[in-house]
Amino acid sequence: MTALPEAFPCGPLKIELQADSPALRDAIAKTLLLHDVPWSDPHSISVSVRYATTPEEPAVGNYLVCGQMRADTTPTGLRATCESGAHAEYDRERGAWRISLPKPIPEDTEHLTLLIATTGWRQLGWVPLHAGGVLYGEHCALVCAPSGGGKSTLLAGLIRRGAETLGDDKLLIRIDDGGPRARALVHNMNLHPQTRSWFPEVGDLSLLPRYSAWTQKRKVAIRDYWPDAPRSEALPSHLISLQRGDAGTSLTLRPLSFDETLSVLLRQTVFPRDRELARSILDTVAQTARALHGFEAMLPEGAYDDPECLKTLEALFR
Amino acid sequence: MSSDLDTAFALRPDVVITVLEEGALLLDLESKYFYSVNSTGWSIVQRFEAGSSLRAVTEQSRDWGAPDGDLESVRLFVDVLRKDRLVEASGAIGESQIAPPSSWIRPVIEKHKDPLQRVMTSAFDPSVPLAE
(Lines give C-alpha, C1' and ligand atoms only; values in the text may rest on other atoms or scores of the structure.)
Protein backbone atom coordinates (compact mmCIF):
# COMPACT_ATOMS: atom_id res chain seq x y z
CA MET A 1 0.00 0.00 0.00
CA THR A 2 1.30 3.45 -0.88
CA ALA A 3 1.21 6.08 1.87
CA LEU A 4 -0.01 9.61 1.32
CA PRO A 5 2.70 12.13 0.44
CA GLU A 6 4.51 13.67 3.39
CA ALA A 7 5.96 17.18 3.13
CA PHE A 8 9.55 17.96 4.11
CA PRO A 9 10.91 21.51 4.09
CA CYS A 10 14.34 21.72 2.48
CA GLY A 11 15.52 25.32 2.22
CA PRO A 12 13.38 27.10 -0.40
CA LEU A 13 11.77 23.77 -1.37
CA LYS A 14 8.95 21.74 0.05
CA ILE A 15 9.47 18.14 -0.95
CA GLU A 16 6.29 16.08 -1.18
CA LEU A 17 7.63 12.60 -0.55
CA GLN A 18 5.64 9.51 -1.42
CA ALA A 19 7.28 6.28 -0.27
CA ASP A 20 6.25 2.66 -0.70
CA SER A 21 7.49 1.74 2.78
CA PRO A 22 8.65 3.41 6.02
CA ALA A 23 12.22 2.27 5.34
CA LEU A 24 12.20 3.96 1.94
CA ARG A 25 10.70 7.10 3.46
CA ASP A 26 13.42 7.20 6.13
CA ALA A 27 16.21 6.73 3.59
CA ILE A 28 15.24 9.99 1.83
CA ALA A 29 13.95 11.88 4.87
CA LYS A 30 17.17 11.55 6.88
CA THR A 31 19.01 13.79 4.40
CA LEU A 32 16.11 16.21 3.93
CA LEU A 33 15.70 16.65 7.69
CA LEU A 34 19.26 17.94 8.04
CA HIS A 35 18.07 21.17 6.39
CA ASP A 36 16.50 22.56 9.54
CA VAL A 37 16.36 26.29 8.80
CA PRO A 38 12.77 27.36 8.02
CA TRP A 39 12.04 29.32 4.83
CA SER A 40 8.79 31.05 4.00
CA ASP A 41 6.76 30.20 0.86
CA PRO A 42 8.72 27.13 -0.24
CA HIS A 43 8.31 25.78 -3.78
CA SER A 44 6.81 22.28 -3.98
CA ILE A 45 8.33 19.38 -5.89
CA SER A 46 7.25 15.77 -5.75
CA VAL A 47 9.48 12.77 -5.08
CA SER A 48 8.33 9.16 -5.14
CA VAL A 49 10.50 6.28 -3.94
CA ARG A 50 10.09 2.54 -4.36
CA TYR A 51 12.22 -0.57 -4.39
CA ALA A 52 13.98 -1.36 -7.67
CA THR A 53 12.67 -4.31 -9.60
CA THR A 54 15.23 -4.36 -12.40
CA PRO A 55 18.82 -3.08 -12.56
CA GLU A 56 19.32 0.26 -14.32
CA GLU A 57 21.99 1.05 -16.89
CA PRO A 58 24.69 3.18 -15.17
CA ALA A 59 24.66 6.87 -16.06
CA VAL A 60 27.64 8.16 -18.04
CA GLY A 61 28.04 11.41 -16.10
CA ASN A 62 27.48 13.96 -18.87
CA TYR A 63 25.78 16.29 -16.35
CA LEU A 64 27.68 15.56 -13.14
CA VAL A 65 30.29 13.11 -11.86
CA CYS A 66 30.53 12.53 -8.12
CA GLY A 67 32.52 9.94 -6.20
CA GLN A 68 29.53 7.64 -5.81
CA MET A 69 26.99 9.01 -8.30
CA ARG A 70 26.79 9.98 -11.96
CA ALA A 71 24.04 12.03 -13.54
CA ASP A 72 23.08 12.48 -17.20
CA THR A 73 20.95 14.99 -19.03
CA THR A 74 18.01 13.31 -20.78
CA PRO A 75 15.44 14.69 -23.23
CA THR A 76 12.93 14.99 -20.39
CA GLY A 77 15.20 16.02 -17.52
CA LEU A 78 17.89 14.12 -15.65
CA ARG A 79 18.72 10.58 -14.61
CA ALA A 80 21.28 9.54 -12.01
CA THR A 81 22.70 6.25 -10.79
CA CYS A 82 24.84 5.35 -7.80
CA GLU A 83 27.46 2.61 -7.53
CA SER A 84 25.00 0.66 -5.38
CA GLY A 85 22.35 0.57 -8.09
CA ALA A 86 20.23 3.33 -6.55
CA HIS A 87 18.61 5.31 -9.35
CA ALA A 88 16.62 8.53 -9.84
CA GLU A 89 14.86 10.13 -12.79
CA TYR A 90 13.64 13.69 -13.08
CA ASP A 91 10.78 14.84 -15.26
CA ARG A 92 11.45 18.55 -15.68
CA GLU A 93 8.01 19.38 -17.07
CA ARG A 94 6.17 17.77 -14.17
CA GLY A 95 8.74 18.85 -11.56
CA ALA A 96 8.73 15.26 -10.31
CA TRP A 97 11.45 12.79 -9.29
CA ARG A 98 11.17 8.99 -9.19
CA ILE A 99 13.71 7.09 -7.10
CA SER A 100 14.24 3.35 -7.08
CA LEU A 101 16.46 1.75 -4.45
CA PRO A 102 17.91 -1.75 -4.15
CA LYS A 103 17.55 -3.89 -1.03
CA PRO A 104 19.14 -3.40 1.42
CA ILE A 105 18.85 0.38 1.06
CA PRO A 106 22.35 1.69 0.35
CA GLU A 107 24.15 4.57 2.09
CA ASP A 108 24.80 6.36 -1.21
CA THR A 109 21.07 7.12 -1.50
CA GLU A 110 21.93 10.44 0.15
CA HIS A 111 23.67 11.49 -3.08
CA LEU A 112 20.40 11.20 -4.98
CA THR A 113 18.60 13.24 -2.31
CA LEU A 114 21.25 15.97 -2.55
CA LEU A 115 20.95 15.96 -6.34
CA ILE A 116 17.20 16.49 -6.01
CA ALA A 117 17.65 19.35 -3.53
CA THR A 118 20.43 21.15 -5.40
CA THR A 119 18.59 20.84 -8.72
CA GLY A 120 15.51 22.46 -7.19
CA TRP A 121 17.51 25.22 -5.49
CA ARG A 122 19.32 26.08 -8.72
CA GLN A 123 16.04 26.22 -10.62
CA LEU A 124 14.88 28.85 -8.11
CA GLY A 125 18.01 30.91 -8.81
CA TRP A 126 19.96 29.92 -5.70
CA VAL A 127 23.57 28.77 -5.99
CA PRO A 128 24.66 26.16 -3.42
CA LEU A 129 27.90 27.25 -1.78
CA HIS A 130 30.06 24.87 0.23
CA ALA A 131 31.10 27.51 2.76
CA GLY A 132 30.42 28.65 6.28
CA GLY A 133 29.06 32.05 7.20
CA VAL A 134 30.13 34.18 10.18
CA LEU A 135 28.57 37.50 11.13
CA TYR A 136 29.63 40.54 13.12
CA GLY A 137 26.73 42.95 13.08
CA GLU A 138 26.06 43.70 9.42
CA HIS A 139 29.39 42.24 8.26
CA CYS A 140 29.21 38.70 6.94
CA ALA A 141 32.22 36.62 5.94
CA LEU A 142 31.96 33.52 3.80
CA VAL A 143 34.44 31.00 5.24
CA CYS A 144 35.86 28.77 2.53
CA ALA A 145 37.99 25.63 2.75
CA PRO A 146 37.74 22.11 1.36
CA SER A 147 36.02 19.39 3.38
CA GLY A 148 38.11 18.73 6.48
CA GLY A 149 39.82 22.10 6.10
CA GLY A 150 38.83 23.47 9.50
CA LYS A 151 35.75 25.58 8.74
CA SER A 152 33.66 24.16 11.58
CA THR A 153 36.34 24.52 14.25
CA LEU A 154 37.11 28.09 13.20
CA LEU A 155 33.41 28.97 13.26
CA ALA A 156 32.97 27.40 16.69
CA GLY A 157 35.97 29.41 17.90
CA LEU A 158 34.48 32.65 16.59
CA ILE A 159 30.91 31.96 17.72
CA ARG A 160 31.94 31.30 21.32
CA ARG A 161 33.57 34.75 21.30
CA GLY A 162 30.33 36.43 20.21
CA ALA A 163 29.97 36.01 16.46
CA GLU A 164 26.76 34.84 14.81
CA THR A 165 26.60 32.25 12.04
CA LEU A 166 24.70 31.04 8.98
CA GLY A 167 26.11 27.53 9.48
CA ASP A 168 29.41 25.82 8.92
CA ASP A 169 29.33 24.43 5.39
CA LYS A 170 26.07 24.76 3.46
CA LEU A 171 24.77 28.09 2.20
CA LEU A 172 22.74 29.34 -0.72
CA ILE A 173 23.60 32.59 -2.48
CA ARG A 174 21.67 34.66 -5.00
CA ILE A 175 22.01 38.13 -6.49
CA ASP A 176 19.20 40.39 -5.27
CA ASP A 177 19.08 44.14 -5.93
CA GLY A 178 22.51 44.01 -7.53
CA GLY A 179 24.29 42.38 -4.61
CA PRO A 180 24.78 38.93 -3.12
CA ARG A 181 22.47 37.55 -0.46
CA ALA A 182 23.34 34.44 1.54
CA ARG A 183 20.77 32.20 3.21
CA ALA A 184 21.27 29.48 5.79
CA LEU A 185 20.15 25.89 5.19
CA VAL A 186 21.51 24.07 8.22
CA HIS A 187 21.97 25.14 11.81
CA ASN A 188 23.89 22.06 12.82
CA MET A 189 27.67 21.85 12.91
CA ASN A 190 29.99 18.93 12.36
CA LEU A 191 32.55 18.99 15.17
CA HIS A 192 35.43 16.63 15.92
CA PRO A 193 35.57 15.30 19.52
CA GLN A 194 39.00 16.96 19.79
CA THR A 195 37.20 20.32 19.72
CA ARG A 196 36.61 19.91 23.46
CA SER A 197 40.30 20.43 24.20
CA TRP A 198 39.97 24.05 22.99
CA PHE A 199 36.29 24.74 23.60
CA PRO A 200 35.33 22.79 26.75
CA GLU A 201 31.67 23.81 26.64
CA VAL A 202 30.99 21.30 23.84
CA GLY A 203 31.57 18.45 26.29
CA ASP A 204 32.47 14.91 25.34
CA LEU A 205 31.34 14.72 21.73
CA SER A 206 32.59 11.15 21.42
CA LEU A 207 29.45 10.11 23.33
CA LEU A 208 27.32 11.22 20.37
CA PRO A 209 26.83 8.90 17.40
CA ARG A 210 29.05 9.40 14.35
CA TYR A 211 26.92 10.65 11.52
CA SER A 212 28.94 8.91 8.86
CA ALA A 213 31.28 5.93 8.74
CA TRP A 214 33.85 8.12 6.96
CA THR A 215 34.43 10.77 9.62
CA GLN A 216 35.02 11.12 13.35
CA LYS A 217 32.92 14.27 13.44
CA ARG A 218 29.64 14.54 15.33
CA LYS A 219 26.62 16.56 14.33
CA VAL A 220 25.57 19.09 16.98
CA ALA A 221 22.85 21.75 17.03
CA ILE A 222 24.50 25.16 17.20
CA ARG A 223 21.63 26.46 19.34
CA ASP A 224 22.32 23.81 22.01
CA TYR A 225 25.71 25.36 22.79
CA TRP A 226 25.42 28.95 21.61
CA PRO A 227 21.69 29.85 21.62
CA ASP A 228 22.07 33.35 20.18
CA ALA A 229 24.42 32.44 17.33
CA PRO A 230 22.20 31.15 14.48
CA ARG A 231 21.12 33.65 11.81
CA SER A 232 19.14 32.81 8.70
CA GLU A 233 20.35 35.38 6.17
CA ALA A 234 22.97 38.03 5.53
CA LEU A 235 24.60 40.20 2.88
CA PRO A 236 28.15 38.86 2.43
CA SER A 237 30.90 41.46 2.67
CA HIS A 238 34.06 39.40 3.24
CA LEU A 239 35.58 36.09 2.25
CA ILE A 240 38.01 34.11 4.38
CA SER A 241 40.00 31.41 2.58
CA LEU A 242 41.20 29.17 5.36
CA GLN A 243 44.63 27.54 4.99
CA ARG A 244 46.61 25.37 7.38
CA GLY A 245 49.78 27.13 8.58
CA ASP A 246 52.96 25.70 10.12
CA ALA A 247 53.02 24.92 13.82
CA GLY A 248 54.38 27.64 16.07
CA THR A 249 53.37 30.60 13.96
CA SER A 250 50.50 32.95 14.72
CA LEU A 251 47.38 33.43 12.62
CA THR A 252 48.23 35.62 9.65
CA LEU A 253 46.02 37.33 7.09
CA ARG A 254 46.81 38.23 3.49
CA PRO A 255 44.44 40.32 1.36
CA LEU A 256 43.30 38.56 -1.81
CA SER A 257 42.99 40.21 -5.20
CA PHE A 258 39.65 40.07 -7.02
CA ASP A 259 40.96 37.22 -9.21
CA GLU A 260 42.05 35.27 -6.14
CA THR A 261 38.75 35.84 -4.37
CA LEU A 262 36.87 34.73 -7.47
CA SER A 263 39.09 31.65 -7.79
CA VAL A 264 38.34 30.63 -4.19
CA LEU A 265 34.59 31.06 -4.66
CA LEU A 266 34.56 29.11 -7.93
CA ARG A 267 35.98 26.13 -6.03
CA GLN A 268 33.18 26.17 -3.47
CA THR A 269 30.34 25.39 -5.84
CA VAL A 270 29.43 22.64 -8.26
CA PHE A 271 29.15 23.41 -11.97
CA PRO A 272 26.91 20.84 -13.67
CA ARG A 273 27.73 20.41 -17.37
CA ASP A 274 24.73 22.39 -18.58
CA ARG A 275 25.56 25.54 -20.50
CA GLU A 276 22.69 27.77 -19.36
CA LEU A 277 22.86 26.63 -15.76
CA ALA A 278 26.65 26.96 -15.61
CA ARG A 279 26.48 30.47 -17.06
CA SER A 280 23.94 31.47 -14.43
CA ILE A 281 26.11 30.04 -11.62
CA LEU A 282 29.20 31.75 -13.06
CA ASP A 283 27.36 35.11 -13.16
CA THR A 284 26.25 34.74 -9.54
CA VAL A 285 29.70 33.72 -8.32
CA ALA A 286 31.43 36.55 -10.20
CA GLN A 287 28.98 39.17 -8.90
CA THR A 288 29.38 37.82 -5.39
CA ALA A 289 33.18 37.94 -5.62
CA ARG A 290 32.95 41.58 -6.73
CA ALA A 291 31.17 42.48 -3.48
CA LEU A 292 33.66 40.76 -1.17
CA HIS A 293 36.86 41.76 0.57
CA GLY A 294 38.87 38.55 0.34
CA PHE A 295 41.53 37.39 2.79
CA GLU A 296 43.63 34.27 3.11
CA ALA A 297 43.87 33.19 6.76
CA MET A 298 46.83 30.98 7.64
CA LEU A 299 45.85 29.16 10.79
CA PRO A 300 48.74 27.30 12.42
CA GLU A 301 48.46 23.87 13.97
CA GLY A 302 47.50 24.30 17.60
CA ALA A 303 46.37 27.89 17.09
CA TYR A 304 43.35 27.42 19.34
CA ASP A 305 45.64 26.68 22.29
CA ASP A 306 46.06 30.45 22.38
CA PRO A 307 42.65 31.99 23.14
CA GLU A 308 43.80 35.28 21.63
CA CYS A 309 44.69 33.83 18.24
CA LEU A 310 41.39 34.83 16.64
CA LYS A 311 41.70 38.51 17.52
CA THR A 312 43.54 39.21 14.26
CA LEU A 313 40.64 37.82 12.32
CA GLU A 314 38.00 39.59 14.38
CA ALA A 315 39.77 42.91 13.84
CA LEU A 316 38.76 42.74 10.16
CA PHE A 317 35.18 43.43 11.11
CA ARG A 318 35.67 46.41 13.42
CA MET B 1 49.15 27.02 -35.02
CA SER B 2 48.12 30.15 -36.90
CA SER B 3 49.41 29.31 -40.35
CA ASP B 4 45.88 28.97 -41.65
CA LEU B 5 44.79 32.56 -41.46
CA ASP B 6 41.38 32.08 -42.98
CA THR B 7 40.12 29.00 -41.18
CA ALA B 8 36.94 29.86 -39.32
CA PHE B 9 36.68 29.02 -35.62
CA ALA B 10 33.87 29.46 -33.12
CA LEU B 11 33.65 29.15 -29.35
CA ARG B 12 32.84 25.63 -28.22
CA PRO B 13 29.34 25.31 -26.71
CA ASP B 14 30.95 23.95 -23.54
CA VAL B 15 32.69 27.28 -22.87
CA VAL B 16 30.63 29.62 -20.70
CA ILE B 17 31.44 33.24 -20.03
CA THR B 18 30.65 35.91 -17.50
CA VAL B 19 31.51 39.54 -18.14
CA LEU B 20 33.65 41.29 -15.53
CA GLU B 21 34.30 44.98 -15.03
CA GLU B 22 37.44 44.89 -17.18
CA GLY B 23 37.21 41.78 -19.30
CA ALA B 24 35.58 38.42 -18.82
CA LEU B 25 35.96 35.00 -17.25
CA LEU B 26 35.75 31.90 -19.42
CA LEU B 27 35.00 28.46 -17.95
CA ASP B 28 35.52 25.35 -20.04
CA LEU B 29 32.96 22.87 -18.70
CA GLU B 30 34.83 19.96 -20.28
CA SER B 31 38.39 20.59 -19.04
CA LYS B 32 37.18 22.55 -15.97
CA TYR B 33 39.93 25.14 -16.55
CA PHE B 34 39.01 28.78 -16.34
CA TYR B 35 40.60 31.79 -18.00
CA SER B 36 40.63 35.54 -17.39
CA VAL B 37 40.75 37.83 -20.41
CA ASN B 38 41.23 41.60 -20.39
CA SER B 39 38.89 44.05 -22.14
CA THR B 40 40.52 43.69 -25.57
CA GLY B 41 40.65 39.94 -25.13
CA TRP B 42 36.94 39.94 -24.36
CA SER B 43 36.24 41.88 -27.57
CA ILE B 44 38.21 39.27 -29.53
CA VAL B 45 36.43 36.39 -27.79
CA GLN B 46 33.10 37.93 -28.78
CA ARG B 47 34.21 37.78 -32.42
CA PHE B 48 34.49 34.03 -32.03
CA GLU B 49 30.98 33.68 -30.61
CA ALA B 50 29.65 34.05 -34.15
CA GLY B 51 32.68 32.46 -35.82
CA SER B 52 35.84 34.24 -36.96
CA SER B 53 39.34 33.68 -38.31
CA LEU B 54 42.77 34.95 -37.36
CA ARG B 55 42.80 37.19 -40.44
CA ALA B 56 39.40 38.69 -39.57
CA VAL B 57 40.39 39.21 -35.94
CA THR B 58 43.68 40.80 -36.97
CA GLU B 59 41.93 43.21 -39.32
CA GLN B 60 39.35 44.01 -36.64
CA SER B 61 42.16 44.68 -34.15
CA ARG B 62 43.74 47.18 -36.57
CA ASP B 63 40.35 48.92 -36.79
CA TRP B 64 40.23 49.00 -32.99
CA GLY B 65 43.57 50.83 -32.97
CA ALA B 66 46.14 48.03 -32.66
CA PRO B 67 49.59 49.16 -33.82
CA ASP B 68 51.56 46.70 -36.00
CA GLY B 69 53.73 45.86 -33.02
CA ASP B 70 50.74 44.48 -31.13
CA LEU B 71 49.50 42.13 -33.84
CA GLU B 72 51.80 39.37 -32.60
CA SER B 73 49.97 39.52 -29.26
CA VAL B 74 46.68 39.03 -31.14
CA ARG B 75 48.12 35.95 -32.85
CA LEU B 76 49.37 34.57 -29.52
CA PHE B 77 45.96 35.20 -27.94
CA VAL B 78 44.17 33.30 -30.70
CA ASP B 79 46.76 30.52 -30.46
CA VAL B 80 45.80 29.97 -26.82
CA LEU B 81 42.11 29.81 -27.73
CA ARG B 82 42.91 27.20 -30.38
CA LYS B 83 45.53 25.22 -28.45
CA ASP B 84 43.27 24.90 -25.40
CA ARG B 85 40.29 24.06 -27.63
CA LEU B 86 38.21 26.96 -26.39
CA VAL B 87 37.35 27.44 -30.06
CA GLU B 88 36.74 24.76 -32.67
CA ALA B 89 36.60 24.78 -36.44
CA SER B 90 33.32 26.18 -37.71
CA GLY B 91 31.78 26.29 -41.15
CA ALA B 92 31.91 29.99 -41.74
CA ILE B 93 32.72 33.41 -40.38
CA GLY B 94 29.59 34.91 -38.88
CA GLU B 95 28.37 38.44 -38.74
CA SER B 96 28.69 40.09 -35.35
CA GLN B 97 28.22 43.59 -34.04
CA ILE B 98 30.65 44.08 -31.21
CA ALA B 99 31.27 47.25 -29.29
CA PRO B 100 34.98 48.08 -29.68
CA PRO B 101 37.16 48.09 -26.56
CA SER B 102 37.16 51.55 -24.95
CA SER B 103 40.86 51.82 -25.76
CA TRP B 104 43.23 49.39 -27.37
CA ILE B 105 45.53 47.42 -25.10
CA ARG B 106 47.31 44.19 -25.93
CA PRO B 107 44.92 41.25 -25.47
CA VAL B 108 45.81 39.02 -22.53
CA ILE B 109 44.45 35.62 -21.61
CA GLU B 110 45.46 34.05 -18.31
CA LYS B 111 44.81 30.38 -17.72
CA HIS B 112 44.23 29.82 -14.01
CA LYS B 113 46.65 27.30 -12.58
CA ASP B 114 44.40 24.57 -11.27
CA PRO B 115 41.18 23.39 -12.90
CA LEU B 116 37.97 22.96 -10.96
CA GLN B 117 37.26 19.43 -9.76
CA ARG B 118 36.05 16.98 -12.40
CA VAL B 119 34.87 14.47 -9.80
CA MET B 120 33.31 15.86 -6.65
CA THR B 121 32.03 14.65 -3.34
CA SER B 122 28.35 15.34 -4.04
CA ALA B 123 25.97 17.56 -5.98
CA PHE B 124 26.53 20.14 -3.22
CA ASP B 125 30.17 19.68 -2.25
CA PRO B 126 32.80 20.25 -4.96
CA SER B 127 35.63 18.90 -2.76
CA VAL B 128 37.67 15.88 -3.81
CA PRO B 129 35.80 12.76 -2.65
CA LEU B 130 37.32 11.19 0.45
CA ALA B 131 38.96 7.80 -0.06
CA GLU B 132 36.53 5.14 1.05
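About the cut-offs
- Residues numbered from 1 in each chain as written.
- Chains lettered and ligands numbered in written order.
- Predicted model: local features only at pLDDT ≥ 70, side-chain atom pairs only at ≥ 80, totals over all residues.
- Heavy atoms only, no water.
- Contact = heavy atoms within 4.5 Å.
- Buried area = accessible area lost by both parts, 1.4 Å probe.
- Salt bridge = Lys/Arg side-chain N within 4 Å of Asp/Glu carboxyl O.
- Polar contact = N/O pair within 3.5 Å; in protein donor to acceptor, adjacent residues only side chain to side chain.
- Helix = DSSP H or I, 4+ residues; strand = E, 2+ residues; numbered from the N terminus.
- Pairing = 2+ DSSP bridges.
- Axes fitted to C-alpha atoms, helices over the stretch in contact; angles between N-to-C directions.
- Buried < 20%, exposed > 50% of the residue type's maximum accessible area, 1.4 Å probe, protein only.

### Notes on the interface of chain A and chain B
Reports often express the size of an interface as the amount of accessible area lost when the parts come together. Every contact between the two is made by 41 residues of chain A and, on the other side, 35 residues of chain B. Across the chain A to chain B interface the summed buried area is about 3,000 Å²; carbon plus sulfur atoms make up 64%. Seen at the junction of chain A and chain B, the total is three salt bridges. The partner of Glu30 of chain B in a salt bridge is Arg273 of chain A, and the shortest N-O contact between them spans 3.6 Å. Connecting chain A to chain B are 14 residue pairs in polar contact (both at pLDDT 80 or more). If you list the elements that add at least two residues to the side of chain A that touches chain B, you get strand S4 (64–65), helix H2 (109–123), strand S9 (127–129), helix H5 (258–266) and helix H6 (275–290) of chain A. The biggest single contributor to the side of chain A that touches chain B is H6 of chain A, with seven residues.

### Here's the deal with the sheet that holds strand S2 (residues 15–20) of chain B
The strand order across the open sheet built from four strands is S2-S3-S4-S6 (chain B), with neighbouring strands paired in antiparallel fashion. Either end of the sheet is taken by a strand with one partner, and the two such strands are S2 and strand S6 (109–111) of chain B. Each neighbouring strand pair of the sheet contributes to a mean axis angle of 20°, computed without reference to strand direction. The pairing of strand S4 (residues 34–37) of chain B with S6 of chain B spans three bridges and is classified as antiparallel. By the bridge assignment, Val37 of chain B is partnered in S6 of chain B with Ile109 of chain B. Sheet contacts for H5 of chain A: S2, strand S3 (23–28), S4 and S6 of chain B; angle to S4 of chain B, the most-contacted strand, approximately 155°. Packed on one face of the sheet, H6 of chain A meets S2 and S3 of chain B and runs near 30° to S2 of chain B.

### Re helix H2 (residues 54–63) of chain B
Helical geometry note: an α-helix holds 3.6 residues per turn, so side chains three or four residues apart project in the same direction. Residue and element names in this part refer to chain B. Leu54, Ala56, Val57, Thr58, Gln60 and Ser61 are the residues of H2 that are buried. Taken together, the buried residues of H2 touch helix H1 (39–49) and helix H3 (71–83). One or two residues past the end of H2 sits Gly65, with phi positive at roughly 105°.

### A few points about unusual backbone geometry
A cis geometry characterises the amide bond from Lys103 of chain A onward to Pro104 of chain A, with omega recorded as -10°. Located in the positive-phi region is Asp41 of chain A, a residue other than glycine, with phi close to 50°. In this fold, Asp41 of chain A is placed in the loop between helix H1 (22–32) and strand S3 (43–51). For Asp41 of chain A, a relative accessible area of 76% corresponds to the exposed category. Of note, Lys32 of chain B is a non-glycine position whose phi angle comes to about 70°, a positive value. Within the secondary structure, Lys32 of chain B is located in the loop between S3 and S4. Overall, the relative accessible area of 9% leaves Lys32 of chain B in the buried class.

### A word on the environment of Val220 of chain A
All names here are of chain A. For Val220, the location among the structural elements is in strand S16 (residues 218–221). Owing to a relative accessible area of 4%, Val220 belongs among the buried residues under this scheme. For the pair Val220 and Ala7, spaced 213 residues apart in sequence, the C-alpha separation works out to 24 Å.

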